[in-house]
Amino acid sequence: MTTTLPDAAVTTGHVQAPRRRVRARPEAVLALIAAGAVAVIGMWWANTPGVAGPDDWLTNAGRVTGLLAGYAIAVLLALMARVPALERGVGSDRLARWHSTGGRYVVGLAVAHTLLTIWGYALTDRTDVVSETVTLNLTYPDVLKATVALLLLVGVGVVSARRIRPKLRYETWFHLHFYTYLAAWLAFGHQLATGAEFAVAPLARTSWYVLYLGVAALIVWYRFLTPLRLAVRHRLRVSRVVPETPGVVSVYVTGRRLDRLRAEPGQFFRWRFLTRDLWWSPNPYSLSAPPGTGELRITVKDLGDQSRSLTRLRPGTRVVAEGPYGALTVRARRARKVLLVAGGVGITPLRALFESAPAAPGDLTLLYRARSTDDLVFRGELEEIAAARGATLHYCVGARTAVGDPFTPAALTGLVADLPGHEVYVCGPAEMTRAVITALRAAGVPHRRIHHESFEF
């Protein structure tokens, strides 16, 4: 373990606190989603006077799973609509995890709805399931559209599976997810056309319209119109591209009235560089320095075609940025002392926090894990910040076979005095992040004082 200690302590620079913004609480969001699910089941209950016989049980089970699938897909789209209050309060990585988990439920519910309904109708009509499937698709309104929606949902679920997702380029995975919008639209028409609840209950029908149209409005506003509005207002352009270490570059972006973006250290934007190769795909990159009034900086590692293309950006290239997003900020900080734990290119948001997080000399520590000294991004900057702020900077460099596990409870406790009394921010590869969080919890750091964010969406 290589350690760099400051030569002298100086006072912490003043960082102006951003204006307060609305932040949704994760617990409140989950409670609202659960309440909606209960209301959906109540809607079925109110419109079902009784259930008798195997065919009726199967058909009604199909109705319930279909209603829940229709509700859940609207919720999933709302979670990823990039609503600022959700992004700031819940965090993009947590929203992505909820979306991923919920997606599996949606696919399961949609498949169950299809199979249960076909089976129940087949018993009622005294026919086999194959014949009933053909009859439903060819004679019932919008059922064929629903079948296409189901196939699209299953397809998106397959490409998002843990074993398949890492094999796809981010851009491919990102654009395949747009088929979810088509699936939602096709399923919406099917629900209103054949759903018994909507045929007999005008209030239920109106509520369903409000749900879907409301989610559609959020998506159009925040995912499409807001980025265009910001592009016109701020006129972002690349000013220069600077190599940091082998395979890592920093991209500096200038624009007008950047202070009105109200970005905070630790946050990220989704960047769309308007070149022939890059304009069609936004990618999330953190600010690697505190946002200034005239310039923003991101730092990118060569992890594929898109990130590699950034090294060839020319000054003057126009940029569209969506954001700021992310909850890896000091706003929710509770403790006086701060510990930052970075791995690899995860140093980017923590480097911004290392410079800007309010802390007295001796109360700020950064642990930086890298495979080799060549992989230490911002080494000179970090050491200058440590010296200027009276902060402590630790490097752990080398292969795991050589240095062992640097993130055990004993190792962290030995490096950081009064570890449970720290507010901790973690950013790095998913495996490292999980190991660090587990060790921190075992060492007595309260869960509410551990903040982390991942971009493995």
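Residues numbered from 1 in each chain as written. Predicted model: local features only at pLDDT ≥ 70, side-chain atom pairs only at ≥ 80, totals over all residues. Heavy atoms only, no water.

Topic: the overall build of the protein chain
And step 1. Assigned secondary structure in the protein chain consists of 16 helices and 12 strands.
And step 2. When the backbone C-alpha atoms are referred to their principal axes, the protein chain occupies close to 85 × 50 × 40 Å.
And step 3. Looking at the protein chain as a whole, 48% of its 457 residues are labelled buried.
And step 4. Carbon and sulfur atoms provide 62% of the accessible area of the protein chain, an area that totals close to 22,200 Å². (Helix = DSSP H or I, 4+ residues; strand = E, 2+ residues; numbered from the N terminus. Buried < 20%, exposed > 50% of the residue type's maximum accessible area, 1.4 Å probe, protein only. Areas by Shrake-Rupley, 256 points an atom, 1.4 Å probe, with all protein chains shown as cover.)

Some details on helix α4 (residues 92-125)
And step 1. With 34 residues, α4 should reach 50 Å at 1.5 Å per residue; the first-to-last C-alpha distance of 48 Å fits that figure.
And step 2. Directly after α4, the chain includes Arg126, whose backbone phi takes a positive value near 55°. (Expected span 1.5 Å × (residues − 1).)

So, the nonpolar core
And step 1. Grouped together as the largest cluster of nonpolar side chains are 43 residues, with contacts concentrated most on Leu153, Phe198 and Trp208.
And step 2. Of all the secondary structure elements, the ones that give two or more residues to this core are α1 (26-46), α2 (53-79), α4, α6 (143-159), α8 (179-194) and α10 (202-234).
And step 3. Per-element tally for this core: the top contributor is α2, with 13 residues.
And step 4. Residue contacts for Leu153: discarding those within four places in its chain leaves Ile73, Val106, Val107, Ala110, Thr180 and Ala183.
And step 5. Counting residues in each nonpolar core, the second largest holds 25 residues, with Ala342, Leu366, Ala370 and Ala386 among its members. (Core = buried A, V, L, I, M, F, W, Y, C linked by side-chain atoms within 4.5 Å. Contact = heavy atoms within 4.5 Å.)

Remarks on helix α16 (residues 430-442)
And step 1. The first and last C-alpha atoms of α16 sit 18 Å apart over 13 residues, in line with the 18 Å expected at 1.5 Å per residue.
And step 2. Among the residues of α16, those classed as buried are Ala430, Met432, Thr433, Val436, Ile437, Ala439 and Leu440.
And step 3. Close packing links the buried residues of α16 with β8 (337-343), β9 (364-370), α15 (409-415), β11 (422-427) and β12 (450-452).
And step 4. The first or second residue beyond α16 is Gly444, which carries a positive phi of 100°.

Remarks on the confidence of the model for the protein chain
And step 1. When pLDDT is averaged across the protein chain, the result is 86; 93% of the residues are at 70 or more.
And step 2. In this model residues 1-18 is a low-confidence stretch, pLDDT under 50, and it forms 38 contacts with partners more than four residues away in sequence or in other chains. (pLDDT = per-residue confidence, 0-100.)

Some words on a nonpolar patch on the surface
And step 1. Taken together, Trp119, Leu123, Val129, Val130, Val134 and Leu138 make up a surface patch of nonpolar side chains, about 590 Å² in accessible area.
And step 2. Among the elements of the structure, α4 and α5 (129-139) are those that each provide at least two residues to the nonpolar patch.
And step 3. Counting residues per element, the nonpolar patch draws most heavily on α5, at four residues.
And step 4. Leu138 gets classed as exposed once you look at its relative accessible area, which sits at 65%. (Patch = residues over 30% accessible without salt bridge, like charges linked within 9 Å, V, L, I, M, F, W, Y side chains within 5 Å. Salt bridge = Lys/Arg side-chain N within 4 Å of Asp/Glu carboxyl O.)

Details of the side chain of His113
And step 1. On the secondary structure map, His113 appears in helix α4.
And step 2. Excluding anything up to four places from it in sequence, His113 contacts Gly62, Arg63, Thr65, Gly66 and His190.

Looking at the sheet that holds strand β7 (residues 318-325)
And step 1. A sheet is described by the order of its strands in space; here six strands give the open sequence β5-β4-β7-β2-β3-β6, paired in antiparallel fashion. Looking at which strands have only one partner, the edges of the open sheet turn out to be β5 (283-286) and β6 (295-301). Across the sheet, the mean angle separating the axes of adjacent strands is 40° when strand polarity is ignored. (Pairing = 2+ DSSP bridges. Axes fitted to C-alpha atoms, helices over the stretch in contact; angles between N-to-C directions.)

Notes on the packing of α2 against α10
And step 1. Interhelical geometry of α2 versus α10 gives an angle of 25° and a closest axis separation of 9 Å. As far as their axial angle goes, α10 and α2 are roughly parallel. Our pair here, α2 against α10, has a crossing hand that is left-handed. Only Trp208, Leu211, Tyr212, Val215 and Ile219 of α10 make contact with α2, whose side of the interface consists of Leu67, Gly70, Tyr71, Ile73, Ala74, Leu77 and Ala78.
And step 2. Partitioned by chemical class, the residues of the contact of α2 with α10 number 11 nonpolar, one polar and no charged. (Parallel < 35°, antiparallel > 145°, perpendicular 65-115°, else oblique. Left-handed = near helix turned anticlockwise from the far one by under 90°. Nonpolar A, V, L, I, M, F, W, Y, C, P; charged D, E, K, R; others polar.)

Section: the pattern of salt bridges
And step 1. Counted by the stated rule, this structure contains 13 salt bridges.
And step 2. Asp142 is the salt-bridge partner of Lys145, the closest N and O atoms lying 3.5 Å from each other.
And step 3. Residue class for Lys145 comes out partly exposed when judged on its relative accessible area of 39%.
And step 4. For the salt bridge of Arg379 with Glu383, the shortest nitrogen-to-oxygen distance reads 3.2 Å. Of this pair, Arg379 and Glu383 are both found in helix α13 (residues 379-389), four residues apart, which corresponds to roughly one turn of the helix.
And step 5. For Arg379, a relative accessible area of 34% corresponds to the partly exposed category.
And step 6. Residue Glu383 is classed as partly exposed on the basis of its relative accessible area, which comes to 27%.
And step 7. It is possible to trace a salt-bridge network through shared partners that takes in Arg297, Arg351, Glu355 and Glu381.

A closer look at the packing of α2 against α8
For any two helices packed against each other, one specifies the inter-axial angle together with the distance between the axes.
And step 1. Interaxial distance between α2 and α8 falls to 10 Å at its minimum, and their mutual angle equals 145°. Taken as a pair, α2 and α8 cross one another with a handedness that is left-handed. Residues Gly70, Ile73 and Leu77 of α2 form the contact with α8, whose participating residues are Thr180, Tyr181, Ala184 and Gln191.
And step 2. Classifying every residue of the contact of α2 with α8 gives four nonpolar, three polar and no charged.

Regarding the packing of aromatic side chains
And step 1. For the coordinates displayed, the defined rule picks out 11 aromatic pairs.
And step 2. Ring geometry for Phe198 and Trp208: centres 5.2 Å apart, planes at 45°, overall tilted. With a gap of 10 residues between them, Phe198 in helix α9 (residues 196-200) and Trp208 in helix α10 connect regions that are remote in the sequence.
And step 3. A relative accessible area of 3% places Phe198 in the buried class.
And step 4. Grouping aromatic residues by their ring pairs yields a cluster made of Phe188, Phe198, Trp208, Tyr209 and Tyr212.
And step 5. Geometry around Tyr252 places Arg240 over its ring, the cationic atom sitting 3.7 Å from the centre. (Phe/Tyr/Trp six-rings, centres within 6.5 Å; stacked < 30°, edge-to-face > 60°. Lys NZ or Arg CZ within 6 Å of the ring centre and 35° of its normal.)

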